[in-house]
Every structure is written in structure tokens, then in C-alpha cells.
Amino acid sequence: MKLAKDFPILEAELEYATPRSESNVNKLCRLTGTAPPVAVGTSGVKGDDFRQLAPLHPFSLLSPFTWVARRPVKKKMEPCSCDTFVALPPATIDNRIIFGKNSDRPCDEVQEVVYFPAAVHDNLKEHLKGTWIQSLGPGRFHLLRASCTLVPQLLNTTAREATSTRSLHTTARVAPAGHNSRKRGCINKDPAQPKCTYIEIDQVPETYAVVLSRPAWLWGAEMGANEHGVCIGNEAVWGREKVCDEEALLGMDLVRLGLERGDTAEKALNVIVDLLEKYGQGGNCSEGRMVFSYHNSFLIADRNEAWILETAGKYWAAEKVEEGVRNISNQLSITTKIDREHPDMRNYAKQRGWWDGKKEFDFAATYSYLDTAKMMISPGRYCEGYKLLNKHKGNITFETMVEILRDKPSGINMEGEFLTTASMVSILPQDSKLPCIHFFTGTPDPERSVFKPFIFVPNISQLLNTSSPTFELEDSVGKKLQFNSKPDRRHPLYQKHQQALEILDNKTEKAKTMLDNMRKLEKELFKEMESVLQNKHLQVDKIVNLLHQCTEDEIRIYKSNVSS
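I will try to describe carefully the structure that is included in this document. (Residues numbered from 1 in each chain as written. Predicted model: local features only at pLDDT ≥ 70, side-chain atom pairs only at ≥ 80, totals over all residues. Heavy atoms only, no water.)

Quick look at the overall build of the protein now. Helix and strand content of the protein: 14 helices and 26 strands. Across the 564 residues of the protein, 60% fall into the buried class. Partitioning the intrachain contacts of the protein with sequence separation of at least 6 by distance along the chain shows that 71% fall at a separation of at least 24. (Helix = DSSP H or I, 4+ residues; strand = E, 2+ residues; numbered from the N terminus. Buried < 20%, exposed > 50% of the residue type's maximum accessible area, 1.4 Å probe, protein only. Contact = heavy atoms within 4.5 Å.)

Structure, rendered in C-alpha cells:
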């Protein structure tokens, strides 16, 4: 088994730690309205007791610091991230719902794109008890003991996934189909208790096939879709309610759980709020020693409608969106249009003195420090994103959404210590006979990435080029493995893209040629997917390898330019 020490790493040494002041956190909170001018501890990022470690890596591209003789120049890490959008008819054309999200995360964090097949978990414990495999290398394994009826399922799903890119040269139990704990390569002692990032929760009889874009170190996802055409993206939000530091479900865990268990947008919402009530939300949302925690908002869409779900601890409000455009960013945005809510949400606000019980209830104004009367005219990504959607209202296509995600003047395509580490756009036709198509980058900066398509069909090939190596084989639930150094989680596509960025940064003729080739590939893919939707014809034998083949083509472009 390869461990973190076997790979290039981003070192983090305490003697080079730079204390981080809280002034920037307060500044951000004042700008977004998520906390009062001096609301210590409200943001979920530790202040005076927090030390920002300096990664000692020779390539500044992977580091949030500027390097001078191995000493970091002090720069502040601001907690701001993500924008999610949805457009519904009549704002779109051809009776399609268009979903899009930029995932903005720490600049050295790798995001992978992974697929998990549907699974039936009835009697799972009985069927898998005593089933073992021995990994013989990538894509090769030996079944030591298993029932004959189980072998085909293992061959087609989890054994291949567990051994394909992980290089786990060890004996390990097989994870159940569709189940992927942080402990890749071995099954939970009780499969009825799936592991999330920090805690175990109860399993359900059936989970749906999902494709996820997620930080490679955790179980959940920043964004993704399921086989029924449900898409979910989440945002970090802060407000009056204190952020819980205790390990519970992350908002990213709830994204994946909603997709695995909900076959419509509203059912996914039900899944999330039920789990929120039962298990709560909390825990560090960043790998390493930076403490970064928050409440969550979600945009959930399917072929027919969308829902905005915003939370403060266990309390929540939801808004149904049936037409037009809507977006969410790093602030509460549900005001007086509340279609569903936590039963005690208003009483709790009255008890805390946030609402007098007389004036019209405004969720964002009550649970945060926003002046909602100025929300749509205030500077910031939420307002800028809304303007971009409205600029194209009535003619929004998936290409329009791609361009919105690439917009840098608005701040939607983020640069800096927090940057856009991955992007997603989905086409959800209201005609159920047409397939939903989901585009992922799997790499940072959508302006210099290729949006590649994915369509759910049976027997999808594993996404080898966008799957990261895993290190926590011996990790256990509730105990996050602490590395002395940060492991290199770069997947093959990410590695080649990083090399390509060095050329693109130079803005030479070679850079222009490379970017032109990237755009040409993307344009061909867009044209091909539009043809699928217009002609209502799907070549399933080709679609099973669609995303994998697209990443191969993208990598080929990078290789040809890097080596020339």
C-alpha cells in the first residue's frame, strides 16, 4: 500500500506558522452581512487561537503564499466560496432547466470527479459477510471467498472501483456497491452504517447512482447529480446562530446523501432536513490544520422545479422555484417567500430576541445580519450572479451558464487563496424521454478548463483520470487522520492541467494554441451533446466511456503542448 510519504507532498511545519488575525474575517462578514462588525467566532474560522500553516512547496502554483527563502509572506485566508445557479423556463430555451455551480475552495485542494453505481442494501450485511478480495494491483484482484451470486456484482462495481487507481497492494474487504467510505478498500464492520466524513449514519434500502465533484479528502461532495436528474450544490453561510465545531454531518455529506436517496428535488430536500434534524451539521470543512466550519445553503434542482434550502444549525427555510432564475452565494437569501420551514424556526428566533413575532418574518434578516432591502443592490457575488442571470433571461442555454461560471470581473470565477477549484453545468430537459447531461471540469479555473459531458447509462466505465489516490486505509469513523504533511491527492487530469497552466500563464503563442485546442474540443463536445438532445438518439456503447474518453482527449492536448 502506498502511503502519503511515498508521494510528493506539501509540507506544513509549525516553526513556519504565521499567526492569522481575525480582522479579515470581520471585514468579510461586514461586506456580506453575515456577522456584525466585531462578531468574534461567528464566521466559523478560528481567530486569535488559529495559526495558518505555511505549506513549504517549491511550486507557488500550489501554495497560498509567496515564497522568499522558505519564509512565507503573510497573506490572509478569507472564508468565501461558491456560487450556484439555476434557470428554468421561460428564462431558458427548449424547455430545459439549466443548473450550474462553481466550487470555490482553498487553492491547494484537489477536486475529483467520481461515479458510484446504484445499490440495493436489503440484507447487505448477510450477503457480504465474510467476503474478501486480495488486490493484485490496479484493475486486478483475487476473490478469496464470496457467494457465486455476488461475484458478478463485485466484478462489475466495487472491486474494480476499489482497486482501479488506488494501488492498494494489500488484502481488503470489498465495500458494498455504491458505498464509498473514506476507508477506501475495506468495508465497514456493519454495512448498514455507512461512513460519512466524520460519523456513521443509518443506511437506507436503496441508493441511486451518482456522479460527484468533491474535494478528494472527504466522503461527501460539493456538487453532483443522480440518475434521476436531481442536481445539488451547496454554499457556506454564516449568521447569528453559532457554528458547531463538533463533528457531525458536513454540508457536503448532505449533498451526496440527498443525491443518493432522493429521486426528485423535493425528496432530496426531505432527506437533507431529516438528516439535519437527526445528526446535525458540523465539523472542519478543510483538510489539514486550518479550521473552517460553517452552516450550509443548498440549491436542489430536477427536471421540473428547483428548491433553495438554507440552514442555521438545525433550523431551516426552503423556497420553491418553478420558473425564472435563482442563485445562491455565501449569504442567506430566503426572505419572506418561505414555502417550507423547520417547525420551531420562528419560535426559536423569538426566544433569541431576533424577531418580535409581529412584523412579517424574513428568514435572512432574522437569522443573519443582512439588510435584505439592499440585498439586490449591494456589491458582492450574490448580486453580480443575479445580474448575469437576468442579463440573459429568456435565452439561457448551457453555453450561457458556462460563460457565467467563467466570468472573472463579477468574482464568480474566483482567483486567489480561495479559487474556483472545479465547475459543473447540467442540462435537465423537461421531456423525460431525453437524457440529462452533466458537464464537469475536474480542474481549477473554468476559463482555462474544459467542460466534459457525463450521461447516466448502465455499466459506466470508472473515471480513472479524475479519481484521486487515497491514503486513509486505516482511518476510522470520528477520527480524522492527521498527517504531518499534506498528501498529494492530484489525479492524472489535474496533474497534466497544472503543467498546462504554467504554459497558459506565460501567454505565449504556444499558450494561445493550447487554449484554442481546448476550446475546439469543448465546442465539439457541446455540439455532440446538443445533437443527442435534438435527435433523441443515444449510442449507449459510446456513452459508457464518454467522460473517460473526453478526459483522455483533454490530457492529449496538454501532453502535446507540454512536451513540444
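So, on to the sheet that holds strand β8 (residues 96-106). Spatially, the six strands line up as an open sheet ordered β21-β7-β8-β23-β24-β25, and their pairing is antiparallel. Unpaired on one side and paired on the other, β21 (324-328) and β25 (452-454) mark the two borders of the sheet. Each strand of the sheet is rotated relative to its neighbour by a mean of 15°, with strand direction disregarded. (Pairing = 2+ DSSP bridges. Axes fitted to C-alpha atoms, helices over the stretch in contact; angles between N-to-C directions.)

Here we come to the sheet that holds strand β9 (residues 111-116). Strand pairing in a sheet takes place through backbone hydrogen bonds and is either antiparallel or parallel in direction. Across the sheet, eight strands lie side by side as β9-β15-β16-β17-β18-β19-β20-β22; this open sheet has antiparallel pairing. A strand with exactly one partner marks an edge of an open sheet, and here the two such strands are β9 and β22 (340-341). Across six bridges, β9 lies against strand β15 (residues 210-215) in antiparallel orientation. Counterpart to Val113 in the pairing with β15 is Ser213. Running over the sheet, helix α5 (residues 251-261) touches β9, β15, β16 (223-226), β17 (231-237) and β18 (295-301) and is turned about 165° from β17.

What follows deals with the nonpolar core. In terms of nonpolar packing, the biggest core is built from 90 residues, with Phe363 and Tyr367 touching the most fellow members. Considering every element that reaches this core, the biggest residue donor is helix α12 (residues 509-535), with nine residues. Those residues within four positions of Phe363 in sequence are excluded, and the remaining contacts are Glu310, Trp316, Ala317, Leu332, Ile334, Thr335, Ile338, Met345 and Ser368. Grouped together as the second largest cluster of nonpolar side chains are 44 residues, Val255, Ile272, Cys285 and Trp307 included. (Core = buried A, V, L, I, M, F, W, Y, C linked by side-chain atoms within 4.5 Å.)

Moving on to a nonpolar patch on the surface. Side chains of Met376, Ile377 and Tyr386 sit close together on the surface and give an oily, nonpolar patch of about 280 Å² of accessible area. Mapped onto the elements, Met376 comes out in the loop between α8 (363-367) and α9 (381-391). On the accessibility criterion, Met376 (31% relative accessible area) is partly exposed. (Patch = residues over 30% accessible without salt bridge, like charges linked within 9 Å, V, L, I, M, F, W, Y side chains within 5 Å. Areas by Shrake-Rupley, 256 points an atom, 1.4 Å probe, with all protein chains shown as cover. Salt bridge = Lys/Arg side-chain N within 4 Å of Asp/Glu carboxyl O.)

A few words now on the packing of aromatic side chains. Think of a pair of aromatic rings as described by two things: how far the centres are apart, and how the planes are tilted against each other in angle. Applying the stated criterion to the full structure yields 15 aromatic pairs. Relative to Trp354, the ring of Tyr348 lies with its centre 5.8 Å away and its plane at 85°, an arrangement referred to as edge-to-face. According to the relative accessible area criterion, Tyr348 is buried, its value standing at 14%. Trp354 sits in the buried class, given a relative accessible area of 15%. Ring geometry for Phe454 versus Phe456: centroids 4.9 Å apart, planes at 85°, classification edge-to-face. The class for Phe456 is buried, based on a relative accessible area of 19%. Here the aromatic residues Tyr315, Tyr348, Trp354, Phe363 and Tyr367 are joined through ring pairs into a cluster of three or more. The cationic tip of Arg256 hangs over the ring face of Phe116; the distance from NZ or CZ to the ring centre is 4.4 Å. (Phe/Tyr/Trp six-rings, centres within 6.5 Å; stacked < 30°, edge-to-face > 60°. Lys NZ or Arg CZ within 6 Å of the ring centre and 35° of its normal.)

Right, let's get into the side chain of Glu112. As for its placement among the helices and strands, Glu112 is situated in strand β9. Here Glu112 falls in the buried class, since its relative accessible area comes to 1%. Within the structure, the side chain of Glu112 is placed 2.7 Å from the backbone nitrogen of Ser468, a separation counted as a polar contact. (Polar contact = N/O pair within 3.5 Å; in protein donor to acceptor, adjacent residues only side chain to side chain.)

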